[in-house]
Amino acid sequence: GKRKRLSTSVLYDSDESEDSDILVRKVFAKRHCIMDEDESSEEQQPDKTCPTEDVCTRKQKAFAKLKELSRQITTGSSCYSENYKDSDDEAETEEEPFYELSFTPEECNETDSDSMKDFVVEEEEDDDDDDDNADDRKGEKQPQQKQLNTSNSTLLAYYIPHLSRCDHYVHFKRIVKAFLINAIDDTFLSSLYDGTRQKQYARDMLLSLHYLDDRFIQPRLENLISRSRWKDRYKERVDCYPDVHIILKNSKKMSCQACELSRYCKFNVLLSGRLYNSRTLEADNFMSDDRQVLKVGGVCANRTRVYHNLKHFKYKLYVDCSSIAELDGVDDEPVKDTVERLFSHLEDSGWIQKRYNDLEDHMNDADSFQEEK
């Protein structure tokens, strides 16, 4: 069981000189100081060693706790808090051996001045050992951690392909290769989206197509629309026509045909081109010569340019890839060889990098446009 500590009144002399009156005050101490109250006042000299011993004992107890804490740090224990509490309780329950040690006042002062110094030196020495041990442990864990990260990335790409990490330029090159294949075999993109092709290269291309739409283009289009006052009818027109020409005209005070607000409109927006499927990129020949001319203000004209460049970038890229495949003129070559040859030529000539830079410029224009009010 736990021992009960008894607080005992200790009387000691607090006079500053021999001739001054004796002032007595009551102090609570952890040790019993037995005094004979029946003795005369001349014999009631306080035991001056008692407070000194009590102070020494407390210092020794604190020094012992510091030693225990130093031992825990050097061993690298992960349960520091719990061990420290246990050592604290142990120090309280086993405090009697500490009290049994006797210190003179000189030894107490020496212990008090040197205890922290000794503790700091030991800690520094042990820190060097800890650093060496930590480096060893880190070196041992690196292969395991690398293997674990590789395993996690593989699982993530398999079960949640849209969240797998890949360099943006790698995604873009996959898209160019998919467009080159579709330019020769016009069923390739549709077979990707309907799940007919399940080989790894096909899944990678489908992932990159989704990445272009869902991560690059669509979020910026939504931001452009949410910060505008465009009417739905104007947005639908811009979405349907892949070609746009913005022409500066004479300013005229009128209702803007994009936001329907009264503005000084000085731009004509000329929309044209054939409607196409957003996935297979197959063009529709219905009303292929249809055109729309809309009078808009300066802000709406600039927003139209930024929005249209992003909205129809993928289709424009596919049209360019199709034109390159048509101009190649090699018919008796397997599709795979033709695609690899064309792709290598485009990559070596810097064409792919240039188109990727165009995409980044369009995205930067959309991002910076959001900062305008």
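Model, not experiment: these values are computed from the prediction.

Moving on, we come to the overall build of the protein chain. Counting secondary structure elements, the protein chain contains 12 helices and 5 strands. Within the span of the protein chain, comprising 373 residues, buried residues form 29% of the whole. Considering only intrachain contacts with a sequence separation of at least 6, the fraction spanning at least 24 residues in the protein chain is 68%. For the protein chain, the computed accessible surface area is about 25,000 Å², with 48% contributed by carbon and sulfur atoms.

So, on to the pairing of strand 4 (residues 262-272). Bridge analysis of strand 3 (residues 243-255) against strand 4 gives 10 bridges, and the strand direction is antiparallel. When the bridges of strand 4 are listed, leucine 248 appears paired with phenylalanine 267. If you look at the hairpin formed by strand 3 and strand 4, you'll find 6 residues sitting between the two strands, and glutamate 260 has a positive phi there, around 60 degrees. With 6 bridges joining them, strand 4 and strand 5 (residues 291-296) adopt antiparallel strand pairing. Among the inter-strand pairings, asparagine 268 is bridged to a residue of strand 5, identified as lysine 295.

Neighbouring strands of a sheet are bound in pairs by backbone hydrogen bonds; such pairs are parallel or else antiparallel. The sheet built from 3 strands is open, its strands ordered 3-4-5 with antiparallel pairing. Only two strands of the sheet have a single neighbouring strand rather than two, namely strand 3 and strand 5. Adjacent strand axes in the sheet meet at a mean angle of 20 degrees, parallel and antiparallel pairs treated alike. The strands touched by helix 9 (residues 298-311) within the sheet are strand 3, strand 4 and strand 5, with strand 3 carrying the most contacts at an inclination of about 165 degrees.

Time to look at the pattern of salt bridges. Applying the stated criterion across every chain yields a total of 12 salt bridges. We note a salt bridge from arginine 341 to aspartate 328, for which the minimum N-O separation is 2.8 Å. Here arginine 341, found in helix 11 (residues 335-349), pairs with aspartate 328, found in helix 10 (residues 313-328); they are 13 residues apart in sequence, far enough to count as distant. The closest approach of N and O atoms between aspartate 358 and lysine 354, which form a salt bridge, is 3.7 Å. You can see aspartate 358 and its partner lysine 354 sitting in helix 12 (residues 351-369), 4 residues apart, about one turn around the helix. Put simply, Asp320, Lys354, Arg355 and Asp358 are held in one network by salt bridges that share partners.

Moving on, we come to the packing of aromatic side chains. Counted by the stated rule, this structure contains 8 aromatic pairs. With 5.3 Å between their ring centres and 70 degrees between their planes, tyrosine 169 and tyrosine 356 make a pair best called edge-to-face. In this pair, tyrosine 169 sits in helix 5 (residues 168-184) while tyrosine 356 sits in helix 12, placing the two residues 187 residues apart along the sequence. An aromatic cluster is present here, built from Tyr169, Phe172, Phe313 and Tyr356 joined pairwise through their rings. We note lysine 177 situated over the ring of phenylalanine 343; from NZ or CZ to the ring centre the distance is 4.6 Å.

This brings us to unusual backbone geometry. Within the chain, glutamate 260 stands out as a residue other than glycine whose phi angle is a positive 60 degrees. With respect to the helices and strands, the residue glutamate 260 is situated in the loop between strand 3 and strand 4. The phi dihedral of leucine 281 falls on the positive side, at around 65 degrees, and the residue is not glycine. As for its position among the elements, leucine 281 is in the loop between strand 4 and strand 5.

Ranked by internal contacts, the top residues of the largest apolar core, which has 58 residues, are Val176, Phe179 and Val296. For this core, the element with the most residues is helix 7 (residues 200-226), which contributes 9 residues. Among residues more than four places away in sequence, those in contact with valine 296 are Tyr234, Cys256, Gln257, Ala258, Cys265, Lys266, Phe267, Val269 and Ala301.

The predicted coordinates should not be examined in detail at positions where pLDDT is low. Put simply, the protein chain has an average pLDDT of 75, and 60% of its residues get 70 or more. Every residue in residues 1-31 is under pLDDT 50, and counting partners more than four places away or in other chains gives 43 contacts. Every residue in residues 87-108 is under pLDDT 50, and counting partners more than four places away or in other chains gives 27 contacts.

One can find leucine 317 in helix 10. Residue leucine 317 is classed as buried on the basis of its relative accessible area of 0%. The spatial distance from the C-alpha of leucine 317 to the C-alpha of phenylalanine 179 is 8.2 Å, given a sequence separation of 138 residues. Beyond its immediate stretch of four places on either side in the chain, leucine 317 contacts Phe172, Ile175, Val176, Phe179, Trp351 and Arg355.

On to the packing of helix 5 against helix 12, then. Describing two packed helices takes the angle between their axes plus the distance from one axis to the other. Where helix 5 meets helix 12, the axes come as close as 10 Å, and the angle between the chain directions of the two elements is 115 degrees. Taken as a pair, helix 5 and helix 12 cross one another with a handedness that is right-handed. Contact residues: helix 5 offers His168, Tyr169, Phe172, Lys173 and Val176, while helix 12 offers Trp351, Ile352, Gln353, Arg355, Tyr356 and Leu359. Class assignment for the residues of the contact of helix 5 with helix 12 results in 7 nonpolar, 2 polar and 2 charged.

We now examine the environment of isoleucine 217. Structurally, isoleucine 217 can be placed in helix 7. Isoleucine 217 gets classed as buried once you look at its relative accessible area, which sits at 5%. In this structure the C-alpha to C-alpha distance between isoleucine 217 and lysine 311, which are 94 residues apart in sequence, comes to 7.0 Å. In contact with isoleucine 217, other than residues within four places in its own chain, are Leu212 and Leu310.

Basis of the calculations
Residues numbered from 1 in each chain as written. Predicted model: local features only at pLDDT ≥ 70, side-chain atom pairs only at ≥ 80, totals over all residues. Heavy atoms only, no water. Helix = DSSP H or I, 4+ residues; strand = E, 2+ residues; numbered from the N terminus. Buried < 20%, exposed > 50% of the residue type's maximum accessible area, 1.4 Å probe, protein only. Contact = heavy atoms within 4.5 Å. Areas by Shrake-Rupley, 256 points an atom, 1.4 Å probe, with all protein chains shown as cover. Pairing = 2+ DSSP bridges. Axes fitted to C-alpha atoms, helices over the stretch in contact; angles between N-to-C directions. Salt bridge = Lys/Arg side-chain N within 4 Å of Asp/Glu carboxyl O. Phe/Tyr/Trp six-rings, centres within 6.5 Å; stacked < 30°, edge-to-face > 60°. Lys NZ or Arg CZ within 6 Å of the ring centre and 35° of its normal. Core = buried A, V, L, I, M, F, W, Y, C linked by side-chain atoms within 4.5 Å. pLDDT = per-residue confidence, 0-100. Left-handed = near helix turned anticlockwise from the far one by under 90°. Nonpolar A, V, L, I, M, F, W, Y, C, P; charged D, E, K, R; others polar.

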